[in-house]
Amino acid sequence: MTDANGHADGPESTARFDAFDHEAHLERAIELARTAADRGDEPFGSVLVREDRIVAEASNRVHTADDVRRHPELDLAARAKREDAPAERARTVMYTSTEPCPMCSGGIRSAGLGRVVYAVGSDEIAEFQGKPTPPVRSRDVLVGVTEVVGPISNAAGRAVHEEYGWGDRSDG
C-alpha cells in the first residue's frame, strides 16, 4: 500500500519488507563493498531489492571514476528514479553495506525508496576513519519518506572496513 506520493505506508508495507531475506541481501552488498576495495575504491556496496529479489546493484567508484558522486547508494537511487514508477520505488528496499551519507540520503529521499537496511552505521565509519561522528544521520534526512533499519549483519560489515584499513589511508 502507498500514500498519495507512492511512498510505502502502514503495517502492510512493513510486514512485506520484514519478510525479505535481510542477511542474504546484505551479504551481497558487503561482497560488492569488498569488490570496490579490491578495485581501489572505498569499501561500499549496495543492492536494490523488490519482492525479495535483487533488481540492481552498485559498488563505490569514487576513486576509479574520479567522481565524488559515485557512491553506490546515490547511483542506485538515481537509477531507480529514472527507471521506476513511484509505486515501484516505494516497494523497493536498498540494502547497503554502510549507512548512507547525507548526500546519498538526499538521493534516496528524492527517489522515495520504501526502506534502507544497512550493516555498519555512519558513527562506526567515523570511528574507523578517525573523524567525528556525522552531525546528520540518514534517519534525519529520510524521516517521513523512507524507513531506515540497522545495523544488521554488523560483524560482517565491520570486517570489510577492518580489512580496508581506514587508519592507514590518507584518502578516507
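Let us look at the structure shown here. (Residues numbered from 1 in each chain as written. Predicted model: local features only at pLDDT ≥ 70, side-chain atom pairs only at ≥ 80, totals over all residues. Heavy atoms only, no water.)

Considerations on the environment of Arg91
- Here Arg91 shows up in the loop between helix H4 (86–90) and strand S3 (92–98).
- Expressed as a C-alpha distance, the spacing of Arg91 and Phe17, which sit 74 residues apart in the sequence, is 8.2 Å. (Helix = DSSP H or I, 4+ residues; strand = E, 2+ residues; numbered from the N terminus.)

Describing the pairing of strand S4 (residues 115–120)
- Among the 6 residues in S4, 6 count as buried, and that is most of the element.
- Pairing of S3 with S4 involves 5 bridges; the strand directions are parallel. Opposite Met94, over in S4, you have Val116 as the bridge partner.
- For the segment spanning S3, helix H5 (residues 102–111) and S4, crossover handedness is right-handed.
- Direction of pairing for S4 relative to strand S5 (residues 147–149): parallel, over a ladder of 3 bridges. Across the sheet, residue Val117 finds its bridge partner in S5, namely Val149. (Buried < 20%, exposed > 50% of the residue type's maximum accessible area, 1.4 Å probe, protein only. Pairing = 2+ DSSP bridges. Right-handed = clockwise from strand over helix to strand, strands pointing away.)

Thoughts on the sheet that holds S5
- Here 5 strands make up an open sheet; going across it, the order is S2-S1-S3-S4-S5 and the pairing mixed. Of all the strands in the sheet, the pair left with one neighbour each is strand S2 (53–59) and S5. Strand after strand, the sheet turns through a mean of 20° between neighbouring axes, direction not considered.
- In the packing of helix H3 (residues 72–83) onto the sheet, contacts are made with strand S1 (45–50), S2 and S3, and the angle to S2 comes to roughly 130°. (Axes fitted to C-alpha atoms, helices over the stretch in contact; angles between N-to-C directions. Contact = heavy atoms within 4.5 Å.)

Topic: the packing of H3 against H5
- In contact at an axis separation of 8 Å, H3 and H5 are set at 15° when each is read in the N-to-C sense. As summarised for this structure, H3 and H5 are arranged roughly parallel, according to the angle between their axes. Where H3 crosses over H5, the two elements pack in a sense that is left-handed. The segment H3 lies against H5, with Glu73, Leu74, Ala77 and Lys81 engaging Met103, Cys104, Gly107, Ile108, Ser110 and Ala111. (Parallel < 35°, antiparallel > 145°, perpendicular 65-115°, else oblique. Left-handed = near helix turned anticlockwise from the far one by under 90°.)

Some words on the nonpolar core
- Membership of the largest hydrophobic core comes to 20 residues, with the highest contact counts inside it found for Phe20, Leu26, Val93, Tyr95 and Val117.
- Mapped by element, the contributors of at least two residues to this core are helix H2 (22–39), S1, S3, S4, helix H6 (122–129) and helix H8 (154–164).
- The leading source of residues in this core is H2, at 4 residues.
- Non-local contacts of Leu26, meaning those with residues more than four positions away in its chain, are made with Tyr95, Thr96, Val117, Tyr118, Ala119, Ile152 and Ser153.
- The next biggest cluster of nonpolar side chains, apart from the first, holds 14 residues, and it includes Leu48, Ala80, Met94 and Ala111. (Core = buried A, V, L, I, M, F, W, Y, C linked by side-chain atoms within 4.5 Å.)

Some thoughts on the environment of Ala87
- Note on placement: Ala87 falls in helix H4.
- A relative accessible area of 31% places Ala87 in the partly exposed class.
- Sequence-wise, Ala87 and Leu113 are 26 residues apart; in three dimensions their C-alpha atoms are separated by 9.2 Å.

So, the pairing of S3
- Across the 7 residues of S3, 7 count as buried, placing the element largely inside the fold.
- Looking at chain direction, S1 and S3 are connected through 5 bridges and run antiparallel. Its bridge partner being in S3, Ser46 is matched across the sheet by Thr96.

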